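# Close look at the chain arrangement
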Amino acid sequence: VLAANWKMNIGPVEAAKFIAQFLAEYSPQEGKTVAFFPPAVSIATVATLVKHRADIKVGVQNIWHRDNGAFTGEISPELAAEAGAYYCLVGHSERRNEFAESDDVVRQKFTAALRAGLAPLLCVGESRRERVDGRTSEVVGRQLRTVIGELDSSQIGAMALAYEPVWAIGTGDNATPEDASQVHRQLRLLLRQAAGPVNADRIPILYGGSVKPDNAARLLAAPDVDGVLVGGASLDVASWLQIVRA
Ligand code: 13P
């Protein structure tokens, strides 16, 4: 799964141009899914343009965990699904840090996404301080367990997971393939314990944090790395095409 997180960039007009150019250059490749996470205002535009391509999915970057009602400015998972979203990002470190989302809010958003039939893509990752203190395994383990602890195996089987070390996001300082592999292996074991091998092994575990055209192939070749979640380098069609072809 090659996922582009556009964050707060690329409105509907630019999104239409981006996708047209991308579709002209990229034909489906066996075993690969490409996912775009545009800002909410661009979801419908992107979803309409990729409708005929089963290998390309659209996702929403954030939802509010209630089904509908008086929540000015928020988007429910149902509304995102109606606009064409298939995936839903949950627990991105920018939501945790800039918008003070606790593990418990992340859990509620995750279950709300599942309820609406969206595939939640949960992000976990340690800060630089936590890494220096040797707490990576404890932090990502807690972030995952809090969310999946009460779910049954088939619900867990519907998710996707991304390891995004906070110190690697937007810094140019990516994890080595070996480091990423090690954390992914731990996450896979936790998923197996929670959901059994059949459900756990179909969950893609993506790496995110300063993925660029020149490091994507090495990261994607690492054991237990099933894809990438890309911010900055997904904003330019040429660089994004290099990554999806890596
Ligand atoms: P960068 O690729 O810009 O480091 O961002 C990663 C990210 O946060 C994707 O969700």
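Calculation rules
Residues numbered from 1 in each chain as written. Predicted model: local features only at pLDDT ≥ 70, side-chain atom pairs only at ≥ 80, totals over all residues. Heavy atoms only, no water. Helix = DSSP H or I, 4+ residues; strand = E, 2+ residues; numbered from the N terminus. Rg over C-alpha atoms; globule rule 2.2 N^0.38 Å. Buried < 20%, exposed > 50% of the residue type's maximum accessible area, 1.4 Å probe, protein only. Contact = heavy atoms within 4.5 Å. Lys, Arg positive; Asp, Glu negative; His and termini not counted. Charge placed at Lys NZ, Arg CZ, Asp CG, Glu CD. Near = heavy atom within 4 Å. Polar contact = N/O pair within 3.5 Å; in protein donor to acceptor, adjacent residues only side chain to side chain. Nonpolar A, V, L, I, M, F, W, Y, C, P; charged D, E, K, R; others polar. Phe/Tyr/Trp six-rings, centres within 6.5 Å; stacked < 30°, edge-to-face > 60°. Lys NZ or Arg CZ within 6 Å of the ring centre and 35° of its normal. Pairing = 2+ DSSP bridges. Right-handed = clockwise from strand over helix to strand, strands pointing away. Core = buried A, V, L, I, M, F, W, Y, C linked by side-chain atoms within 4.5 Å. Axes fitted to C-alpha atoms, helices over the stretch in contact; angles between N-to-C directions. Salt bridge = Lys/Arg side-chain N within 4 Å of Asp/Glu carboxyl O.

### Things to note about the overall build of the protein
The number of helices and strands found in the protein is 11 helices and eight strands. Radius of gyration (C-alpha) of the protein: 17 Å, near the 18 Å computed for a compact globule of 246 residues. Here the C-alpha coordinates of the protein stretch approximately 45 × 45 × 35 Å along the principal axes. When each of the 246 residues of the protein is scored for burial, the buried share is 50%. In the protein, of all internal contacts separated by at least 6 residues, the share reaching a separation of at least 24 is 70%. The average position of the 25 basic charges and that of the 28 acidic charges among the side chains of the protein differ by 1 Å.

### Description of the site of the ligand
Close contacts around the ligand come from 13 residues, with Lys 7, His 92, Gly 170, Ser 210 and Gly 232 the closest. Here an oxygen atom of the ligand and a side-chain polar atom of His 92 are 2.8 Å apart. Within the backbone of Ser 210, one N or O atom sits 2.8 Å away from an oxygen atom of the ligand. Looking at the shell around the ligand, its residues break down into four nonpolar, seven polar and two charged.

### Comments concerning the packing of aromatic side chains
Evaluation of the coordinates by the stated rule reveals 10 aromatic pairs. Aromatic ring contacts, followed pair by pair, group Trp 6, Phe 18, Phe 22, Tyr 26, Phe 36 and Trp 240 into a single cluster. Above the plane of the ring of Tyr 86 lies Lys 57, whose end atom (NZ or CZ) is 4.8 Å from the centre. The side chain of Arg 95 reaches across the aromatic face of Phe 99, ending 4.0 Å from its centre.

### So, the pairing of strand β7 (residues 205–208)
Judged by which residues are buried, β7 turns out to be covered on both faces: Ile 205 and Tyr 207 on one side and Leu 206 and Gly 208 on the other are all buried. Pairing between strand β6 (residues 160–163) and β7: three bridges, direction parallel. Across the sheet, Tyr 163 pairs through a bridge with Tyr 207, a residue of β7. As for the winding sense of the linkage, the β-α-β connection from β6 through helix α9 (residues 177–200) to β7 is right-handed. Where β7 lies against strand β8 (residues 227–230), three bridges are found, and the strand directions are parallel. For Tyr 207, the partnering residue across the bridge sits in β8 and is Val 228. Between the parallel pair β7 and β8, the chain is carried across by helix α10 (residues 216–221), and the sense of this crossover is right-handed.

### A short note on the nonpolar core
The biggest cluster of nonpolar side chains holds 66 residues, and the ones touching the most others in it are Phe 22, Phe 36, Met 159, Leu 161, Leu 191 and Trp 240. Sort the elements by how many residues they give to this core and α9 lands first, with seven residues. When neighbours within four sequence positions are excluded, Trp 240 is seen to be in contact with Leu 2, Ala 3, Ala 4, Phe 18, Phe 22, Val 34, Ala 35, Phe 36, Val 230, Ala 233 and Ser 234. If you look at the next biggest cluster of nonpolar residues, it comprises 13 residues, including Ala 35, Phe 37, Ala 160 and Ala 162.

### Observations regarding the sheet that holds β6
Taken together, eight strands build a closed barrel; the order of strands is β1-β2-β3-β4-β5-β6-β7-β8 and the barrel is parallel. Across this sheet, the average inter-strand angle for adjacent strands is 25°, counted without regard to direction.

### Quick word on the pattern of salt bridges
Here the structure, examined in full by the defined rule, presents 18 salt bridges. With a closest N to O distance of 3.0 Å, Glu 101 and Arg 95 form a salt bridge. Of the residues examined, Glu 101 reaches a relative accessible area of 9% and is grouped as buried. Put simply, Asp 179 and Arg 131 hold a salt bridge, and the shortest N to O gap is 3.2 Å. Taken together, the residues span a long stretch of sequence, with Asp 179 in helix α9 and Arg 131 in helix α6 (residues 128–132) at a distance of 48 residues. On the basis of relative accessible area, Arg 131 is assigned to the partly exposed category, the value being 32%. The network of salt bridges with common partners includes Arg 95, Glu 101 and Lys 109.

### Some remarks on the side chain of Glu 130
Turning to its location among the elements, Glu 130 is positioned in helix α6. Although Glu 130 lies buried, it forms no salt bridge, and the closest oppositely charged side chain, Arg 135, sits 4.4 Å away as judged by the N-O distance. In this structure the side chain of Glu 130 is engaged in a polar contact, spanning 2.8 Å, whose partner is the backbone nitrogen of Ser 127. When near neighbours in sequence (up to four residues on either side) are disregarded, Glu 130 contacts Arg 135, Thr 136 and Val 139.

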